[in-house]
Amino acid sequence: MASPRSRSAGLALVDQIVFSAGSLLVVLFAARVATLGEFATFSAIYGIIAVWNGLNRSLFAEHALLASASDPALGRRMHGLAFAAACGFAAAGSGLVILIGELFLASSTHLNVAMGMALIAVVLQDVVRGFLISRQLFGHLVLLDLLWVLALAGGVAVLMWFGSVTPVQIGFAWAAALYLSFSIGVAFTALCPVIDGMFGWLRTVRGPGGALSLEFLTGFGMPQLVILVAAALGVSEVAAGLRILQVTFAGVSVGVQGLRGLVLARGFGTRLLSLRGVQVAVVTATSVNAAVFLIEPWELGETLFGASWSLASPAVLWLAFAEKALAATASVRSWELRLQSKFRQAATARIVGGLASLSLGLTPVLFGGGLSLVMFGLVLGAVITQTMYGRAIRKGVS
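All residue numbers refer to position in the chain's written sequence, counted from 1. Given that this is a predicted model, residues contribute local features only at a pLDDT of at least 70 and side-chain atom pairs are listed and counted only at 80 or more, while totals for whole chains, interfaces and linings are drawn from all residues. The side-chain values count all of the structure's non-hydrogen atoms but skip hydrogen atoms and water molecules.

Two distance rules govern patches: like charges are joined within 9 Å, and nonpolar side chains (Val, Leu, Ile, Met, Phe, Trp, Tyr) within 5 Å, applied only to residues with over 30% relative accessible area and no salt bridge. All accessibility values rest on the Shrake-Rupley procedure with a 1.4 Å probe; residue burial counts only the protein chains present in the view. Salt bridges are defined as contacts in which a side-chain nitrogen from Lys or Arg sits within 4 Å of a carboxyl oxygen from Asp or Glu. Note that His is not counted, nor are the chain ends; the positive residues are Lys and Arg, and the negative ones are Asp and Glu. A charge is said to be at NZ when it belongs to Lys, at CZ for Arg, at CG for Asp and at CD for Glu. A surface patch of like charges, here positive, comprises Arg 344, Arg 391, Arg 394 and Lys 395. Helix numbering and strand numbering both begin at the N terminus, where a helix is a DSSP run of H or I of at least 4 residues and a strand a DSSP run of E of at least 2. Looking at the positive patch element by element, the count peaks at 3 residues for helix α15 (residues 371-397). The topology assignment puts Arg 344 in helix α14 (residues 343-366).

Given below as structure tokens:
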């Protein structure tokens, strides 16, 4: 009979698979119904949403999770504070989406509003997800995420039944599905925003939150910035192609992300955060993803993405796979440094590698290079990141 810890780890992984499948569906639906230019714009705004949600986690939500691990009785108050902070942060992010869409992406106001609403729902729902993780309610978490994924698929199916579907409608359907899940989650957890003591708490989390946010931005955020710049400059092939490649190989990091919440809920230092466990997760997810998308990529890719899959090529697929695998391995090394309480060294390695990825990925975009050159630049940036992490680890060992 499986132990409670094993069941929790398994459910955490299942939830990440469900959540990732929902995110994949959003991109798949948009890729199939949008023109190349529309999909490039959608991809850029989608990246902003993903980055803003990650920043909210780094600044607020993960600190509430860690506080819950050390003192469960304090967890509800910490998540209430994180909830209140996320409300303001999500509203600011929604305004930023609309502003960038109007000024730099020339996207329709309706799409900007739909994606702005989706950003608020993504951020707030993630706070509720974090609270469920802190209470070890992984079964409820799976059901909550399965609800919004099924609601999204059902909403798009209804739209298709009544006529053609547009990226704007997909944006609104995504937002509606997330708001449904968020509302049920709030009703179930009775989680409420807490304002009392907010400024003191923000001062407490400012230091570690800033370091985590900077590391996140220079890691995950750099490829998203390349997509945004490419879309703003009208290089639609690069913006759309990068988004397709990112979701194609999202499975490489599913294993690691599936353990993330369970690790944070139990706190750093737990045996669950063993490097061997994380490495097994990376290797397993990488192998499964490779088997799915590199054995017969063309038939599967055309089935999923439609005509947009023509942006890919064998060389680009292998480069994208290499970049994702390197990024997943880098996350393992980052955790290794954190286990040794070397947060500054981990942040330094990520910042240097992230800036290298940004400059090497953007150079082909600015000088008329294609998707393969952009991916090659991102791979070189990932190699530099790995090298920086390796140096920091070897220095600690010596």
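Let us now look at the pattern of salt bridges. On inspection of all chains with the given rule, the structure shows 3 salt bridges. Among the ionic pairs, Asp 126 bridges to Arg 57, the shortest N-O distance being 2.8 Å. You can see Asp 126 sitting in helix α4 (residues 109-134) and its partner Arg 57 sitting in helix α2 (residues 36-70), a full 69 residues away along the chain. Only protein chains enter the calculation, and the probe is 1.4 Å; a residue is then buried if its accessible area is under 20% of its type maximum, exposed if over 50%, and partly exposed in between. Owing to a relative accessible area of 16%, Arg 57 belongs among the buried residues under this scheme. Salt-bridge contacts for Asp 126 lead to Arg 129; the nearest nitrogen and oxygen are separated by 3.4 Å. Of this pair, Asp 126 and Arg 129 both sit in helix α4, 3 residues apart, which is roughly one turn of that helix. In the salt-bridge network here, residues are joined through shared partners; they are Arg 57, Asp 126, Arg 129 and Asp 145.

Moving on to the confidence of the model for the protein. Of all residues in the protein, 81% have pLDDT values of 70 or greater, and the mean over the chain is 81. Segment residues 261-273: pLDDT under 50, and 36 contacts once partners within four positions in sequence are set aside and those in other chains are kept. Across the chain, each position has a pLDDT score giving the predictor's confidence in that residue, from 0 to 100. In what follows, residue pairs with any heavy atoms lying within 4.5 Å of each other are defined as contacts.

Here we take up the packing of α4 against helix α5 (residues 138-162). Lines fitted to C-alpha atoms define the axes here, with helix axes fitted over just the stretch in contact, and angles between the N-to-C directions of these axes take values from 0 to 180 degrees. Relative orientation of the contacting elements α4 and α5 amounts to 155 degrees, with a least axis distance of 8 Å. When the interaxial angle is binned, α4 and α5 end up roughly antiparallel. Considering the relative orientation of α4 and α5, their crossing is left-handed. Residues Gln 125, Val 128, Arg 129, Leu 132 and Ile 133 of α4 pack against Phe 138, Leu 141, Leu 144, Asp 145 and Trp 148 of α5. As a working rule, the residues Ala, Val, Leu, Ile, Met, Phe, Trp, Tyr, Cys and Pro are called nonpolar, Asp, Glu, Lys and Arg charged, and the rest polar, with Gly in that last group. The class makeup of the residues in the contact of α4 with α5 is 7 nonpolar, 1 polar and 2 charged. Throughout, the term roughly parallel applies to angles under 35 degrees, roughly antiparallel to angles over 145, roughly perpendicular to angles from 65 to 115, and oblique to all others. For any pair of crossing helices, the crossing counts as left-handed if the nearer helix is rotated counterclockwise from the farther one by less than a right angle, and right-handed if it is rotated clockwise.

Here the focus is the side chain of Gln 125. With respect to the helices, strands and loops of the structure, Gln 125 is situated in helix α4. Looking at Gln 125, the relative accessible area reads 1%, which means it is buried. Between N or O atoms, a polar contact is any pair within 3.5 Å; within protein, one atom must be a potential hydrogen donor and the other a potential acceptor, and residues adjacent in sequence are included only when both atoms are from side chains. A distance of 3.5 Å separates the side chain of Gln 125 from the side chain of Asp 145, its partner in a polar contact. Not counting the four nearest positions on each side in its chain, Gln 125 is found in contact with Phe 19, Asp 145, Trp 148, Leu 178, Ser 181 and Phe 182.

When you line up the elements, Arg 77 lands in helix α3 (residues 72-105). Taking the C-alpha atoms as reference, Arg 77 lies 9.1 Å from Leu 191; in sequence the two are 114 residues apart. Once residues lying within four places of it in the same chain are set aside, the contact partners of Arg 77 are Val 194, Asp 196 and Gly 197. Here the side chain of Arg 77 touches Asp 196 through a polar contact of 2.8 Å, landing on its backbone oxygen.

With that out of the way, let us pick up the packing of helix α7 (residues 198-219) against helix α8 (residues 221-232). Remark: α7 packs on α8, axes separated minimally by 4 Å, with the N-to-C direction vectors making an angle of 50 degrees. As judged from the angle between their axes, α7 and α8 are oblique. The segment α7 lies against α8, with Phe 216, Leu 217, Thr 218 and Gly 219 engaging Gly 221, Met 222 and Pro 223. Looking at the contact of α7 with α8, its residues break down into 4 nonpolar, 3 polar and no charged.

Our focus in this paragraph is the environment of Gly 377. Looking at the element boundaries, Gly 377 is found in helix α15. The class of Gly 377 is buried, set by a relative accessible area of 5%. With residues near it in sequence (within four places) discarded, Gly 377 still touches Leu 360 and Gly 361.

Summarising the element assignment, Arg 350 is placed in helix α14. Taking relative accessible area as the criterion, Arg 350 reaches 14% and is therefore assigned buried. Sequence-distant contacts of Arg 350, that is, excluding residues within four places in its chain, are made with Glu 215, Thr 218, Gly 219, Ala 330, Ser 331, Thr 385 and Tyr 389.

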